[in-house]
Amino acid sequence: MQAKQVDAHHLEQVPCNLCGSSRSVLWRERFDKAVNYRFRNVRCRDCGLIYVSPRLQPGLRATFNSCEFIDDRESEYEAHAAAHVFTAKLRLARLERFLRGPGTLLDVGCAMGYFLHTAAQRGWKAYGVEFDPRPAARARERFGLHIKVGTLEQA
């Protein structure tokens, strides 16, 4: 199957999901080789939330997150489970230092739940939202996680 690719016309600039501010600063970039695009994580200058902007337009999210597309990446994703857990531990340690301990966490796009499971093991109240029902079901079955299927807006 030919890989789908993200182009600039697939994207939209968005304000902060938490406070609505359009004032943000680049936090980091992440290259997604599956869609051949470098996504930007930005930090809101007003409330500190880290989110993706620009991001896929709502009508295109289903195209790039379709079951057919996920099938191509699923076994590769699971093969790197140890790396997902390692990364989760590093990110959680940073959050815990900043927040002085575990709290409540929402992972939007939680995939197969490795980050949520690691967070729950460390004492976090962990919740997830996942667009594709199959990885969400696997995460629920494997780890007993609280995951809603759909978009953040639907959840």
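Rules and cut-offs
- Residues numbered from 1 in each chain as written.
- Predicted model: local features only at pLDDT ≥ 70, side-chain atom pairs only at ≥ 80, totals over all residues.
- Heavy atoms only, no water.
- Helix = DSSP H or I, 4+ residues; strand = E, 2+ residues; numbered from the N terminus.
- Contact = heavy atoms within 4.5 Å.
- Areas by Shrake-Rupley, 256 points an atom, 1.4 Å probe, with all protein chains shown as cover.
- Pairing = 2+ DSSP bridges.
- Right-handed = clockwise from strand over helix to strand, strands pointing away.
- Salt bridge = Lys/Arg side-chain N within 4 Å of Asp/Glu carboxyl O.
- Buried < 20%, exposed > 50% of the residue type's maximum accessible area, 1.4 Å probe, protein only.
- Axes fitted to C-alpha atoms, helices over the stretch in contact; angles between N-to-C directions.
- Parallel < 35°, antiparallel > 145°, perpendicular 65-115°, else oblique.
- Left-handed = near helix turned anticlockwise from the far one by under 90°.
- Nonpolar A, V, L, I, M, F, W, Y, C, P; charged D, E, K, R; others polar.
- Core = buried A, V, L, I, M, F, W, Y, C linked by side-chain atoms within 4.5 Å.

**Student:** I'd like a rundown of the overall build of the protein chain, residues and numbers included.
**Tutor:** What the protein chain contains, in helices and strands, is five helices and eight strands. Secondary structure elements of the protein chain, listed N to C terminal, follow the sequence β-β-β-β-β-α-α-α-β-α-β-α-β. Pairs at least 24 residues apart make up 52% of the contacts formed inside the protein chain by residues separated by at least 6 positions. When the accessible surface of the protein chain is totalled, it reaches about 9,500 Å², and 51% of it is carbon and sulfur.

**Student:** Quick rundown of the pairing of strand β8 (residues 146-149)? Include the residues and the values.
**Tutor:** Bridge count for strand β7 (residues 125-130) against β8 is four bridges, and the pairing is parallel. Pairing of Glu130 across the sheet is with Val149, part of β8. The handedness of the β7 to β8 crossover, carried by helix α5 (residues 133-143), is right-handed.

**Student:** Got a sec to walk through the pattern of salt bridges? Specific residues and values, please.
**Tutor:** In the structure shown here, the tally under the stated rule is four salt bridges. The residue Glu29 makes a salt bridge to Arg38 at a minimum N-O spacing of 3.9 Å.

**Student:** Kindly report on the environment of Arg134, identifying the contributing residues and their values.
**Tutor:** The residue Arg134 is located in helix α5 in this model. Judged by relative accessible area, Arg134 falls into the partly exposed class, the value being 31%. Along the sequence, Arg134 and Met112 sit 22 residues apart, while their C-alpha atoms lie 8.6 Å from each other.

**Student:** A description of the sheet that holds strand β2 (residues 24-32) should follow, citing residues and the corresponding values.
**Tutor:** Judged by pairing direction, the sheet is antiparallel, and its three strands sit side by side in the order β2-β3-β4 without closing on themselves. Of all strands in the sheet, those bounded by a partner on one side alone are β2 and β4 (50-52). Averaged over neighbouring strand pairs, the angle between their axes works out to 30° when direction is ignored. As paired elements, strand β3 (residues 37-44) and β4 share three bridges and run antiparallel to each other. Pairing of Asn41 across the sheet is with Val52, part of β4.

**Student:** I'd like to hear about the packing of helix α3 (residues 81-99) against helix α4 (residues 114-121), residue by residue, with values.
**Tutor:** Between α3 and α4, the least distance of the axes is 9 Å, while the angle of their chain directions is 50°. One way to sum up the angle between α3 and α4 is to call them oblique. Between α3 and α4 lies a crossing of right-handed hand. Contacts between α3 and α4 involve Ala81, His84, Val85, Ala88, Lys89, Arg91 and Leu92 from the first element and Tyr114, Phe115, Thr118 and Ala119 from the second. Among the residues making up the contact of α3 with α4, the classes are represented as seven nonpolar, two polar and two charged.

**Student:** For the nonpolar core, give the residues involved together with the corresponding values.
**Tutor:** Counting 13 residues, the largest nonpolar core has Leu92, Leu105, Leu116 and Ile147 as its most contacted members. If you list the elements that add at least two residues to this core, you get α3, α4 and α5. Excluding its chain neighbours within four sequence positions, the residues that come into contact with Leu105 are Leu92, Leu95, Phe115, Leu116, Trp124, Lys125, Ala126 and Tyr127. Counting five residues, the second largest nonpolar core, distinct from the first, contains Val14, Cys16, Cys44 and Tyr51.

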